[in-house]
Amino acid sequence: MAVIRDMIPPFELYQPAGVDDAVRLMDEHGSDGWVLAGGLDTFDWFKDRIKRPAAVIDLGGVDEIRGITGAADGGLDIGAMTSLTDVAEHADVQGRYPLLADAAGLVATPQIRNQGTLGGNIVQDTRCWYYRSGWPCYRAGGNICYAATRRSMNREHCIVGADRCVAVNPSDTAPALVALDAEMVVVSTSGERTYPAADFFIGPDIDIERMTVLEPGDLLTRVVLPAPWEGARWYFEKIRDRKSWDFSLVSVASTLSVQGGVIQDARIVVNSIAPYPVRMGAVEAAIRGREPSDETGHMAGEIAVEDARALRHNDYKIALTRNLVRRSIRDAA
Amino acid sequence: MEFLRRALNPWGEDVPIGVSWDLIWAAVIIGAVFVVVHALMVPKKVGTGEVDPDEAEGLPEKLQRHKPGARGFHWSMSATMFALLITAFFPVIGIQFPWVTIHWIAGVLLILTVIYHIYHVFAKQDFWTMWIDRRDIEEGKQGLKAALGKADAERPRAGKYPVDQKMFHHVAMVATLGAVVTGVLMMFRIDNFLWAERTYMFSDATWGWIYVIHGVCGIGLIFLVIAHVYFAIRPEKRWMTWSMINGWIDRDRYLENHDPARWTVPEAGTQAAEAEGD
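Since the model is a prediction, treat every value here as computed from it, not as a measurement.

### Some words on the overall build of chain B
Point 1. Within chain B one finds ten helices and four strands.
Point 2. Walking chain B from its N terminus toward its C terminus, one meets helices and strands in the order β-β-α-α-β-α-α-α-α-α-α-β-α-α.
Point 3. The dimensions of chain B, computed from C-alpha atoms along their principal axes, are 75 × 40 × 35 Å.
Point 4. Across chain B, contacts joining residues at least 24 apart in sequence account for 74% of those joining residues at least 6 apart.

This is the structure in structure tokens:
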């Protein structure tokens, strides 16, 4: 790891009071600007002196994108600056989207959940330590992946979706939002765009220097959850080294629509095994029309890891993924 | 504008990591300026069709200029080259798609194409037809004068290939081989179907220069492709372009542009039969 210093390099601090001001500032500063939400990803970068933006745009005063309200279609509209604690403890989220409440409630520690925001958790950068040490890897604009060689420490890296870079997406809420068919609302000076959560995250094959569709000048403002499926069952599980406080080694989020004891539709999403939350389309297709039984889960687990390819130190993730997918079907409630 | 992209490696050494992407636009702009200036300055002088009847005697109406193997190589190289340039540079300028697999497969196909071309040149063609000799240099000088409007200058007839075509071939060959050799080395950075990754087989600086050479060759090929396509569609060159499609040129074009003493066509009947066979 890089040496974390007490002092961070100087920058111009901007504190806009609204989204319009924020995106104007972001547009003005382009790639020299940095958007600050809860600061939990940001200050690591700054103290490591790896990222040295000229301007920091602090969203702390942008209240219009904080809070949870009902959406027009019976779903929920969650502002990107809503704290993870508020998401995890909100009555509507707990009652109608326990999948998201579970995921948000398992992020790091209570202190971090109080400070961290939903938007920040979704768009945070990967935790690959080679990358975060400031080395010139592919993701940093260089020409090497330090984590993919036979000598690398790659226990936490990916088993699917690698394309030169083998970093993983570290977010806990991202797989839940993909499983819920959430929509991400992005605002820039050119207007507002909406992305299905599954399309919001991109892999290194598309752009090796980004983890989401966001480009300089783009601001994630809201997350819109559609009305829950009728007869929906949920499952979320996060495996980590320390239960007290850690990023996931593998996490799974599932939504099953079960009617008459048979799965009508499903979303199975696994994270921290790829540079993006992996929606298991083949698994979803295979379990439709079957009972959510252990047998179905077993079959699903095998399908889930068909394309998995371990690095030197992370073959345990294949077994973890297989079992988590199995449980996400068998134990969904 | 910077020429190189540089970075500090984990040992604090300042190493090159690739060519500056600004040079993509430089190549495009230089190519566009070249096309515009050339189009404005050099007259589109289409052949008159006047030939010496004595020279024409005994020659078939159609003469083979490119064998099927040579044409196959040309178009195969064109396809792979466009695939390589599009997959290499479109993502850099913001048109993003999964490009890596297409890029290296196109690269492998290009290598196979080049190997076939080398075999074909040595086994089936006359290697020396592409060699630049003193007569070519003189042809080039006169041709340049004629292009610049010198009244008394007349471009002498060429051998099988005009000197500008030979020069293009040699520059494209250097750029292509540079990209191919460095591209093969770059495949040692990743596990692939041929071999396991050997990321640390070279120092960071050596790897950096390999990426720089690959980038320079690739960007050079942008300019070369622009120039090549431009000349292929110029009116006075279209007969050459057609010959790369159907294989033959007509007798008048042959006598107008080629010196029979430098490009001696084989026995007329054979030529005609081969041309018809294409």
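Okay, back to it.
### Points about the packing of helix H6 (residues 163-186) of chain B against helix H7 (residues 204-233) of chain B
All names here are of chain B.
Point 1. Axis separation between H6 and H7 bottoms out at 8 Å; the angle between their running directions is 145°. Every pair of crossing elements has a handedness; the one defined by H6 and H7 is left-handed. Of the residues in H7, those in contact with Phe168, Val171, Ala172, Ala175, Gly178, Ala179, Thr182, Gly183, Leu185 and Met186 of H6 are Ile210, Ile213, His214, Cys217, Gly218, Gly220, Leu221, Leu224 and His228.
Point 2. Its residues assigned to classes, the contact of H6 with H7 shows twelve nonpolar, seven polar and no charged.

### Digging into the interface of chain A and chain B
Point 1. Tallying the contact residues gives twelve residues for chain A and 16 residues for chain B.
Point 2. Here the side of chain A that touches chain B is composed, by residue class, of five nonpolar, three polar and four charged.

### A few points about the environment of Gly31 of chain B
Residue and element names in this part refer to chain B.
Point 1. Tracing the sequence through the fold places Gly31 in helix H1 (residues 22-41).
Point 2. Under the C-beta neighbour-count criterion, Gly31 is labelled partly exposed, with 18 such atoms within 10 Å.
Point 3. With 111 residues separating them along the chain, Gly31 and Gln142 place their C-alpha atoms 24 Å apart.

### What to know about the sheet that holds strand S5 (residues 76-79) of chain A
Residues and elements named next belong to chain A.
Point 1. Strand order across the open sheet formed by five strands is S4-S5-S8-S6-S7, with antiparallel pairing between neighbours. In this open sheet, the two edge strands, each paired with only one partner strand, are strand S4 (68-70) and strand S7 (191-196). On average, adjacent strands in this sheet sit at an angle of 25° to one another, irrespective of strand direction.
Point 2. Across five bridges, strand S6 (residues 183-188) lies against strand S8 (residues 219-225) in antiparallel orientation. The residue of S8 that forms the bridge with Glu183 is Val224.

### Concerning the nonpolar core
Buried together is how nonpolar side chains tend to be arranged in soluble globular proteins.
Point 1. If you look at the biggest cluster of nonpolar residues, it comprises 99 residues, and the most contacted ones within it are Leu99, Leu100, Leu177, Val270 and Val325 of chain A.
Point 2. Apart from residues lying up to four places away in sequence, Leu100 of chain A is in contact with Val87, Val93, Thr173, Ala176, Leu177 and Leu180 of chain A.
Point 3. Core analysis: the next-biggest nonpolar cluster, separate from the first, contains 22 residues, Ala7, Ile17, Ala88 and Val216 of chain B among them.

### A look at the confidence of the model for chain B
Residues and elements named next belong to chain B.
Point 1. This prediction gives chain B a mean pLDDT of 88; 92% of its residues lie at or above 70.
Point 2. Residue range residues 267-278 is modelled with pLDDT below 50. Its contacts to residues more than four positions away, or to other chains, number 20 contacts.
Point 3. Our summary of model confidence lists the complex with pTM equal to 0.87 and ipTM equal to 0.85.

### Some remarks on unusual backbone geometry
All names here are of chain A.
Point 1. Backbone geometry places Arg49, a non-glycine residue, at a positive phi of 60°.
Point 2. The partly exposed category is assigned to Arg49, around which 15 C-beta atoms lie within 10 Å.
Point 3. One non-glycine residue, Asp181, lies in positive phi territory at about 60°.
Point 4. Relative to the helices and strands, Asp181 is located in the loop between helix H9 (173-179) and S6.

### Regarding the domain arrangement of chain A
Residues and elements named next belong to chain A.
Point 1. Its domain assignment divides chain A into domain 1 (12-61), domain 2 (63-123 + 168-225) and domain 3 (232-330).
Point 2. On a C-alpha basis, the centres of domain 2 and domain 3 stand 21 Å from each other.
Point 3. Each partner contributes to the interface: domain 2 provides 25 residues, whereas domain 3 provides 22 residues.
Point 4. At the level of secondary structure, the elements contributing two or more residues to the side of domain 2 that touches domain 3 comprise helix H5 (98-105) and H9.
Point 5. Among the elements that make up the side of domain 2 that touches domain 3, the one with the highest residue count is H9 (five residues).
Point 6. Each residue belonging to the side of domain 2 that touches domain 3 can be placed in one class, and the counts come to 18 nonpolar, four polar and three charged.

### A look at the packing of helix H3 (residues 68-89) of chain B against helix H4 (residues 100-124) of chain B
Residues and elements named next belong to chain B.
Point 1. Contact pair H3 / H4: the axes reach a minimum separation of 9 Å and the direction vectors enclose 155°. Considering their axes alone, H3 and H4 lie roughly antiparallel with respect to each other. Along this stretch, H3 crosses H4, giving a crossing that reads as left-handed. Across from Gly69, Ala70, Phe73, Ser76, Met77, Thr80, Met81, Ala83, Leu84, Thr87 and Ala88 in H3, the residues of H4 making contact are Ile102, His103, Ala106, Gly107, Leu109, Leu110, Thr113, Tyr116, His117, His120 and Lys124.

### Describing the pairing of strand S10 (residues 250-259) of chain A
Residues and elements named next belong to chain A.
Point 1. Of all the ten residues making up S10, seven are buried; the element is thus mostly covered by neighbouring parts of the structure.
Point 2. Looking at chain direction, strand S9 (residues 232-239) and S10 are connected through eight bridges and run antiparallel. Residue pairing across strands places Arg233 opposite Leu256, the latter belonging to S10.
Point 3. Strand direction decides the pairing type here: S10 and strand S11 (residues 262-271), joined by nine bridges, are antiparallel. Residue Ser254 lies in a different strand from S11, and its bridge partner there is Ile268.
Point 4. Turn length for the S10-S11 hairpin, with the two strands adjacent in sequence and antiparallel, is two residues, and the turn residue Gly260 shows positive phi of about 65°.

About the criteria used
- The numbering scheme is per chain: residues are counted from 1 as the chain's sequence reads.
- Chain A is the first chain written and ligand 1 is the first ligand written, with later ones labelled in order.
- For a predicted model such as this one, the threshold for reporting local features is a pLDDT of at least 70, and the threshold for listing and counting side-chain atom pairs is 80 or more; totals across whole chains, interfaces and linings nevertheless cover every residue.
- Put simply, DSSP H or I for four residues or longer makes a helix, DSSP E for two residues or longer makes a strand, and each gets a number counted from the N terminus.
- Our contact criterion uses C-beta atoms placed from the backbone: two residues qualify when those atoms are within 7 Å.
- To get an axis, a line is fitted to the C-alpha atoms, and for a helix only the part in contact is used. The angle between two axes follows their N-to-C directions and goes from 0 to 180 degrees.
- Crossing chirality is assigned from the near helix's rotation relative to the far helix, an anticlockwise turn below a right angle marking it left-handed and a clockwise turn marking it right-handed.
- Under this grouping Gly is polar, as are all residues other than the nonpolar Ala, Val, Leu, Ile, Met, Phe, Trp, Tyr, Cys and Pro and the charged Asp, Glu, Lys and Arg.
- Exposed residues have 12 or fewer other C-beta atoms within 10 Å of their own C-beta, buried residues have 20 or more, and residues in between are partly exposed; the C-beta atoms are placed from the backbone.
- Strands are labelled as partners when DSSP assigns at least two bridges between them.
- Take the buried Ala, Val, Leu, Ile, Met, Phe, Trp, Tyr and Cys residues, join any whose C-beta atoms are within 7 Å, and the set you get is a nonpolar core.
- Think of pLDDT as the predictor's per-residue confidence, scored from 0 to 100.
- Domain start and end points were adopted from an automatic or database domain assignment.
- If an angle is under 35 degrees, it is roughly parallel; if it is over 145, roughly antiparallel; if it lies from 65 to 115, roughly perpendicular; otherwise it is oblique.

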